[in-house]
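In case you want the letters, here they are:
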Amino acid sequence: MTDHDASDPFLRDSPTQQLSRIAAGFARIVSCLTQPASPDEVTAVLAETQTLCERAADVPHEAEVRNLLPNLKTAVMTWRQVWPRLGEQREFRQAVLREAGLWARRLDAMARRS
């Protein structure tokens with residue numbers, strides 16, 4: 001287990017609820033990129049979503065989810081690291097928007113199946 005403890009409300013959620021929260025995090029990324037949001041707001045949403053992915057890795061999930069979580073965490077961490085430098089570039093924003101939207105839909109569908 002990482003530095004998160006069992007008193008963390010996220011860790012008390014069911015795996016389905018955790019997937020729904022992560023899907024909502026990716027949906028918030030999409031929302032930030034389609035509406036006016038400051039660079040600090042975008043970075044904050046990216047950080048929150050990264051944290052959700054990290055926390056989910058601390059609890060048992062079905063194999064498909066377990067295999068996705070490291071990729072999700074890496075993607076969001078990368079976006080967050082390069083956002084200050086590339087966040088104003090249209091192509092980069094569109095790529096993040098597209099990918100975040102795909103993850104939001106996929107995770108939402110997975111949560112509904114669980």
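Our structure is the block above this text.
The shown structure was predicted, so the numbers you read here are calculated from the model rather than taken from an experiment.

Peer 1: Honestly, the nonpolar core in this entry has me stumped. Any pointers?
Peer 2: It is characteristic of soluble globular proteins that their nonpolar side chains tend to be buried jointly. Ile-22, Phe-26, Ile-29, Leu-46, Leu-72, Trp-79 and Leu-107 are the most contacted members of the largest nonpolar core, which has 30 residues in total. Going through the elements one at a time, α2 (15-34), α3 (39-56), α4 (63-86) and α5 (90-113) are the ones with two or more residues in this core. With 9 residues, the top contributor of residues to this core is α4. Filtering out sequence-adjacent residues up to four positions away, Leu-46 remains in contact with Ile-29, Val-76, Trp-79, Arg-80 and Trp-83.

Peer 1: Help me understand the packing of aromatic side chains, please; the structure alone is not making it clear to me.
Peer 2: The way to describe two aromatic rings as a pair is by their centre distance and the angle between their planes. Under the criterion given, the structure shown has 2 aromatic pairs. A ring pair is formed by Phe-26 and Trp-79, whose centres lie 6.3 Å apart and whose planes are at 85°; its orientation type is edge-to-face. With Phe-26 in helix α2 and Trp-79 in helix α4, this residue pair connects regions lying 53 residues apart in the sequence. Each member of the pair Phe-26 and Trp-79 is classed as buried. Seen in terms of ring centroids, Trp-83 and Phe-92 are 5.6 Å apart; in terms of plane orientation they differ by 50°. Their pairing is tilted. Like Trp-83, the residue Phe-92 is buried in the burial classification.

Peer 1: Teacher, can you tell me more about α3 here?
Peer 2: Along an α-helix, residues three or four positions apart point the same way, because every turn accommodates 3.6 residues. For α3, which comprises 18 residues, the first-to-last C-alpha distance of 26 Å matches the rise-based estimate of 26 Å (1.5 Å per residue) to within 8%. Looking at α3, one finds that the buried residues are Val-42, Val-45, Leu-46, Ala-47, Thr-49, Gln-50, Leu-52, Cys-53 and Ala-56.

Peer 1: I'm lost on the state of the cysteines in this one. Help?
Peer 2: Counted according to the given criterion, the structure contains 0 disulfides. No disulfide involves Cys-32; its sulfur sits 15 Å from that of Cys-53, the nearest cysteine. Take Cys-32: its relative accessible area is 13%, and that puts it in the buried class. Judged by its relative accessible area of 1%, Cys-53 is buried.

Peer 1: Help me out: how do you make sense of the side chain of Arg-93 in this one?
Peer 2: Positionally, Arg-93 belongs in helix α5. Buried and unpaired, Arg-93 has Glu-88 as its nearest opposite-charge partner, separated by 4.6 Å. If we ignore the near neighbours within four places in the chain, the residues touching Arg-93 are Cys-32, Leu-33, Trp-83, Gly-87 and Glu-88.

Peer 1: Sorry, what's going on with the pattern of salt bridges here?
Peer 2: Note on pairing: side chains with opposite charge can pair once their charged atoms come close. Under the counting rule described, the total for this entry stands at 4 salt bridges. A salt bridge links Glu-64 to Arg-106; the nearest nitrogen and oxygen atoms lie 3.6 Å apart. Within this pair, whereas Glu-64 is found in helix α4, its partner Arg-106 is found in helix α5, the two being separated by 42 residues in sequence. Judged by its relative accessible area of 31%, Glu-64 is partly exposed.

The rules we used
- Residues numbered from 1 in each chain as written.
- Predicted model: local features only at pLDDT ≥ 70, side-chain atom pairs only at ≥ 80, totals over all residues.
- Heavy atoms only, no water.
- Core = buried A, V, L, I, M, F, W, Y, C linked by side-chain atoms within 4.5 Å.
- Buried < 20%, exposed > 50% of the residue type's maximum accessible area, 1.4 Å probe, protein only.
- Helix = DSSP H or I, 4+ residues; strand = E, 2+ residues; numbered from the N terminus.
- Contact = heavy atoms within 4.5 Å.
- Phe/Tyr/Trp six-rings, centres within 6.5 Å; stacked < 30°, edge-to-face > 60°.
- Expected span 1.5 Å × (residues − 1).
- Disulfide = S-S within 2.5 Å.
- Lys, Arg positive; Asp, Glu negative; His and termini not counted.
- Salt bridge = Lys/Arg side-chain N within 4 Å of Asp/Glu carboxyl O.

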